[in-house]
Protein chains: 2
Amino acid sequence: MRLRRGAALGSYEREAVLAVLDAALVAHVGVATPDGPIVLPMAFGRTDEWLYLHGSAANAALRAAVGQDVCVTVTLVDGIIVGRSPFHNSMNYRSAVVRGVARRVDDPDEVVTGLRLVSDHVVATWDTGRTPTDAEMRKTIVVAVPLTESSAKVRLGGPNDEPTDLDGPHWGGRVPIRSVWGPPEPAGDLPAGVDVPADVVALSGQPLR
Amino acid sequence: MRLRRGAALGSYEREAVLAVLDAALVAHVGVATPDGPIVLPMAFGRTDEWLYLHGSAANAALRAAVGQDVCVTVTLVDGIIVGRSPFHNSMNYRSAVVRGVARRVDDPDEVVTGLRLVSDHVVATWDTGRTPTDAEMRKTIVVAVPLTESSAKVRLGGPNDEPTDLDGPHWGGRVPIRSVWGPPEPAGDLPAGVDVPADVVALSGQPLR
């Protein structure tokens, strides 16, 4: 699995991990429970040192994660690879795997930092939205996972076919995926005259990273 | 976590799970190891009863999964939800969670069935590609996870904001994501005159499901 435990993360690999995290919308968070492993999709944010997750104070998966080893995996699929043989079918993708002990964030300033980072991970909305109330904050827990043990893997290019297949009759190549943000769609109950935040407008028509 | 163990899957929920599986390109497979949980992205295929994974016979995660409880999670993000408060930010998504004991597939016919299903999950290439050799088959392991214990979750629509926020100055709505297959790109080493398989051509310009 080529995933190191306890090794310091090299600066090159750190940059690769951070780039994949920044491009992704959701992380798949894995926790071991007495009832078997559980993997759930979650929004996330990051600093250079920590990956932040948030959820309802009643979120069973997050609560199960606190103090435990977790694995947070992020994957972006950029296209499919068609090999001359199905044995060489593959995908082009970028993925990052972060492993570490999840820490419940208790410090009120770090709670706000973590929530802001999750909120603003895809598009900055913390400052343009209504400030969370104390009651909303009490309903929310924030969990941090260290980025120390993490790795990135990126597959680019075309198929890696057998040399003996290259002159054969079978097609090989790739089919890319193009993902673009659509135009913002106001909530059905939005009054007239409320402007779309500039950062949300700016997404429209942009490729996902 | 609303994930049942041992409960029969209702036909409605089964249809929902299968629809999400059919739309997804990769699954995130979680396995508990003595060294903590590990979550890795994998291609997959399915019947109505089994989810199939494949990999190199040297694949440590797949080998660790055999005979163990695993959790296979698939998520498609359809857009982001901007709430009036960041507390109500969310995403529109479709996800399926499958939990069960992973079984190494030994029966040669089922190995071929499983590999074909994985190969053809996104686009059918098993019949148009070169038939796998015995040596390729020996390098590959196939693992099956029962779909018995599975659940699906789909979020649609706009934000679920507080009633007291609806007349406020803050924008709420959603930003959809549009993903489309690009045109097939032949491998750099493909000789002239090899036609692109019709099913691969047919992807081009189509939305991802």
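Before reading on, note that the structure itself is shown above.
Draft legend 1. Main features of the pairing of strand β8 (residues 140-146) of chain B. Residues and elements named next belong to chain B. In terms of residue burial, β8 counts as a mostly covered element, since seven of its seven residues are buried. The alternating pattern of β8 places T140, V142, A144 and P146 and I141, V143 and V145 on opposite faces, both of which are buried. Relative to β8, strand β7 (residues 103-104) is paired through two bridges, and the arrangement is antiparallel. Of the residues in β8, the one forming a bridge with R104 is V143.

Draft legend 2. Broad picture of the pairing of strand β10 (residues 173-181) of chain B. Sheet topology places strand β10 (residues 173-181) of chain A next to β10 of chain B; five bridges connect them, and they run antiparallel. The residue of β10 of chain B that forms the bridge with S179 of chain A is S179 of chain B. Looking at chain direction, strand β11 (residues 185-186) of chain A and β10 of chain B are connected through two bridges and run antiparallel. Looking at the pairing, P186 of chain A lines up with G173 of chain B of β10 of chain B.

Draft legend 3. Expanded view of the side chain of H88 of chain A. Residue and element names in this part refer to chain A. Within the fold, H88 resides in the loop between β5 (69-82) and β6 (90-101). Under the relative-accessibility criterion, H88 is labelled buried at 15%. A distance of 2.6 Å separates the side chain of H88 from the side chain of E162, its partner in a polar contact.

Draft legend 4. Looking closely at the nonpolar core. Residues L21 and L51 of chain A together with L21 of chain B are the most contacted members of the largest nonpolar core, which totals 63 residues. Setting aside chain neighbours within four positions, we find L21 of chain A in contact with F44, R46, L51, V74, A96, H121 and L147 of chain A. The next biggest cluster of nonpolar side chains, apart from the first, holds 17 residues, and it includes V77 and I80 of chain A together with V123 and W181 of chain B.

Draft legend 5. Main features of the pattern of salt bridges. Residues and elements named next belong to chain A. Under the definition given, this model contains 20 salt bridges over all chains. For R46, the salt bridge is made with D22, and the minimal N-O distance between the two is 2.6 Å. Of this pair, R46 sits in strand β3 (residues 45-46) while D22 is found in helix α1 (residues 11-23), placing the two residues 24 residues apart along the sequence. Residue classification places R46 among the buried positions, given a relative accessible area of 19%. With relative accessibility at 26%, the residue D22 sits in the partly exposed group. Beyond isolated ion pairs, a larger network of salt bridges with shared partners links D22, R46 and D48.

Draft legend 6. Structural context of the sheet that holds strand β4 (residues 50-56) of chain B. Residue and element names in this part refer to chain B. Overall, antiparallel pairing links the four strands, which are arranged β3-β4-β8-β7 in an open sheet. Bordering the open sheet on either side are β3 (45-46) and β7, each of which pairs with just one other strand. Of the strands in this sheet, β3, β4, β7 and β8 touch helix α3 (residues 108-119), which is tilted by about 90° from β4.

Draft legend 7. Seen up close, the interface of chain A and chain B. Facing the 85 residues of chain A at the interface are 85 residues of chain B. For the pair chain A and chain B, the interface holds six salt bridges. Here D165 of chain B and R130 of chain A are joined by a salt bridge, their closest N and O atoms 2.4 Å apart. At the level of secondary structure, the elements contributing two or more residues to the side of chain A that touches chain B comprise β1 (27-33), β2 (36-42), α2 (60-65), β5, β6, β10, β11 and α5 (198-203) of chain A. If one sorts the elements of the side of chain A that touches chain B by residue count, β10 of chain A sits on top with nine residues. For the side of chain A that touches chain B, a count of residues per class yields 48 nonpolar, 21 polar and 16 charged.

Conventions we followed
Residues numbered from 1 in each chain as written. Chains lettered and ligands numbered in written order. Predicted model: local features only at pLDDT ≥ 70, side-chain atom pairs only at ≥ 80, totals over all residues. Heavy atoms only, no water. Buried < 20%, exposed > 50% of the residue type's maximum accessible area, 1.4 Å probe, protein only. Helix = DSSP H or I, 4+ residues; strand = E, 2+ residues; numbered from the N terminus. Pairing = 2+ DSSP bridges. Polar contact = N/O pair within 3.5 Å; in protein donor to acceptor, adjacent residues only side chain to side chain. Core = buried A, V, L, I, M, F, W, Y, C linked by side-chain atoms within 4.5 Å. Contact = heavy atoms within 4.5 Å. Salt bridge = Lys/Arg side-chain N within 4 Å of Asp/Glu carboxyl O. Axes fitted to C-alpha atoms, helices over the stretch in contact; angles between N-to-C directions. Nonpolar A, V, L, I, M, F, W, Y, C, P; charged D, E, K, R; others polar.

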